[in-house]
Every structure is written in C-alpha cells, then in structure tokens.
Amino acid sequence: MSTDDGVTRRRFLTVTTVGLGAAIGGVIVAPTIGYALAPVTEEATFSPVSLGPVSRFTGEQGFAPTPATYIEDPAELLTSSGLAYVHRTGGASHDWLSPAAMFVVFSNRCTHVGCPVAATLTGFGCPCHGSVFDQRGSRVAGPAVRPLDRFQWEIRSDDALWITKLWSVLNEGNRTEYFPVKSPGQPLAGQIPAIIADTAYPAVTYSNSTPPQEGKR
Ligand code: FES
C-alpha cells in the first residue's frame, strides 16, 4: 500500500487498540486480542490519518494528553485502528522536530507486549504488567524495554492534526533519537549493540524510510 507521501512499510500492528469502541468511549481497555491475532512480522504500511481539528488538542492543562482514535483503513478495522495520545507542550512550532514543537504524539502501545497504556498525571501506566512511563514516554518502571513510540505529525491545510508516520525512540535528556518501528519487546540499537539489535531482533514491523537524525523532543 502506498501513502500520499510515498512511504511504504511493513504491516504494522496497531492492535493495542482493537477495542475501538471502548477507546471512543474514552475507556482504554486492554485489547490484547488483536495483538494476539495479528502476526507481528506481517507487511504493512502506515497511511497518514487525521486526528481531528487542532483546536481539539490545544486546551490541555498540565500533563493531560488527549486520546485520539484513528482508523487507517476502514476495511481493516482490527489491524488499522489505534489510539494516539496528543500532548500539547506549550510550544508554538508546527515543526514536529522543533524544540518548541506544539505537540508530542505518543502511541498508546506498551513496549512490553503491546497492551494499551493510559495517561496519568505523571506520564503513562500500563495495566497489564505494571510498566510506567514518564511524561516524555521514557520507561521508569516495569518490564517495558524502551520508551513509548511516537508519531510524526503535521498540521495540514484543513487545520487538522495528522499523524503521518510512527517511530520507535530513545530519549536522552531533551533529545530524542528515532528508529524504524520495532515490535513490543524489542530493544533498539543504542540499548544493546546494533549488530545484536539488528540480527537478534529483526522483526521490525515496518520501515519509515530514513529516521530523522536531529530530533529534539
Ligand atoms: S504490556 Fe505493558 S507492562 Fe506488559
């Protein structure tokens, strides 16, 4: 499948939010069924999708990311639906990589085995096995192996917030390093030697093309 920016990728498993109805209702349950159903190595593409008007995400006070459901392909509801957490940073830049970027958009897929995390006052928590993430998505407790994945985003001419790609990340201070998305449970080069990360954990769910090199958030 091709995206409007020409990017192709492997079949990405956004099944952490297969419980779309529950998510729409604002209840983040543990839809691990979809995760179990879908093969993690299946080819996929990530199709850019609108999360809705920007105004929907600008009222955040403190740390209270706005959950936003999305469906990449209505014909493949189980494997193309998901939930993103949109955090309004207080910055004004529409450049998602800027230190003053207006938003950070997190995936709600826990990086342990893929349960949906829920936002808390201090970050995110996973109900399945107790992983805890801070407000940057970095793991602070529990069995998750890496920070929460992040969506690349842009504000389009329709004044809506679009997510266009997904990246796995490592955070160090205020800097974020981006990687092609890996499945839950898979460490990234930087956490372990790259040769091991790329050979022992080859099941990258899809490639976003060349990762941004100078991510600042
Ligand atoms: S799936 Fe989140 S801690 Fe296990």
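Residues numbered from 1 in each chain as written. Predicted model: local features only at pLDDT ≥ 70, side-chain atom pairs only at ≥ 80, totals over all residues. Heavy atoms only, no water.

Caption draft 1: Fine view of the overall build of the protein. Scanning the protein for helices and strands turns up four helices and eleven strands. Once local pairs closer than 6 in sequence are excluded, the contacts in the protein between residues at least 24 apart make up 57%. With the model as given, the accessible surface of the protein reaches about 9,200 Å², and the carbon-plus-sulfur share is 57%. (Helix = DSSP H or I, 4+ residues; strand = E, 2+ residues; numbered from the N terminus. Contact = heavy atoms within 4.5 Å. Areas by Shrake-Rupley, 256 points an atom, 1.4 Å probe, with all protein chains shown as cover.)

Caption draft 2: Expanded view of the packing of aromatic side chains. If you walk through the whole model with that rule in mind, you get seven aromatic pairs. Between Phe 103 and Trp 153, the ring centres sit 5.4 Å apart and the planes meet at 75°, which makes this aromatic pair edge-to-face. Of the two residues, Phe 103 is situated in strand β4 (residues 103-107) and Trp 153 in strand β9 (residues 150-155); the sequence distance between them amounts to 50 residues. One exposure class covers both Phe 103 and Trp 153, and it is buried. Among the aromatic residues, those joined into a cluster by ring pairs are Phe 63, Tyr 85, Phe 106 and Phe 124. Between Arg 156 and the ring centre of Trp 162, over which it is positioned, the NZ or CZ distance is 4.3 Å. (Phe/Tyr/Trp six-rings, centres within 6.5 Å; stacked < 30°, edge-to-face > 60°. Buried < 20%, exposed > 50% of the residue type's maximum accessible area, 1.4 Å probe, protein only. Lys NZ or Arg CZ within 6 Å of the ring centre and 35° of its normal.)

Caption draft 3: Expanded view of the environment of Val 86. One can find Val 86 in strand β3 (residues 81-88). Along the sequence, Val 86 and Phe 57 sit 29 residues apart, while their C-alpha atoms lie 6.8 Å from each other. Not counting residues within four places of it along the chain, the set of residues in contact with Val 86 comprises Leu 51, Phe 57, Glu 60, Pro 65, Thr 66, Phe 103, Val 104, Val 105 and Leu 161.

Caption draft 4: Spatial organisation of the sheet that holds strand β8 (residues 139-141). Ordered in space as β5-β6-β7-β8, the four strands form an open sheet in which the pairing is antiparallel. Each end of this open sheet is capped by a strand with a single partner; those strands are β5 (118-119) and β8. The sheet contact formed by β5 and strand β6 (residues 124-125) spans two bridges and is antiparallel. From the neighbouring strand, Ala 118 faces β6, where its bridge partner is Gly 125. (Pairing = 2+ DSSP bridges.)

Caption draft 5: Focus on the environment of Pro 212. With respect to the helices and strands, Pro 212 occurs in the segment after α4 (194-200). Take Pro 212: its relative accessible area is 16%, and that puts it in the buried class. Considering only alpha carbons, one finds Pro 212 and Leu 97, 115 residues apart in sequence, at a separation of 8.4 Å. Residue contacts for Pro 212: discarding those within four places in its chain leaves Trp 96, Leu 97, Trp 167 and Tyr 178.

Caption draft 6: Structural context of the state of the cysteines. Under the criterion given, the structure shown has one disulfide. In this model, Cys 115 is linked to Cys 128 through a disulfide, with the two sulfur atoms separated by 1.9 Å. Here the disulfide of Cys 115 and Cys 128 is left-handed, its torsion about the S-S bond being about -90°. Of this pair, Cys 115 sits in the loop between β4 and β5 while Cys 128 sits in the loop between β6 and β7 (132-133), and the two are 13 residues apart along the sequence. (Disulfide = S-S within 2.5 Å.)

Caption draft 7: Region of the structure containing the side chain of Gln 152. You can see Gln 152 is positioned in strand β9. A polar side-chain atom of Gln 152 sits 3.0 Å from a polar atom in the side chain of Trp 167. (Polar contact = N/O pair within 3.5 Å; in protein donor to acceptor, adjacent residues only side chain to side chain.)

Read these as layout, nothing more, since geometry by itself doesn't imply function.
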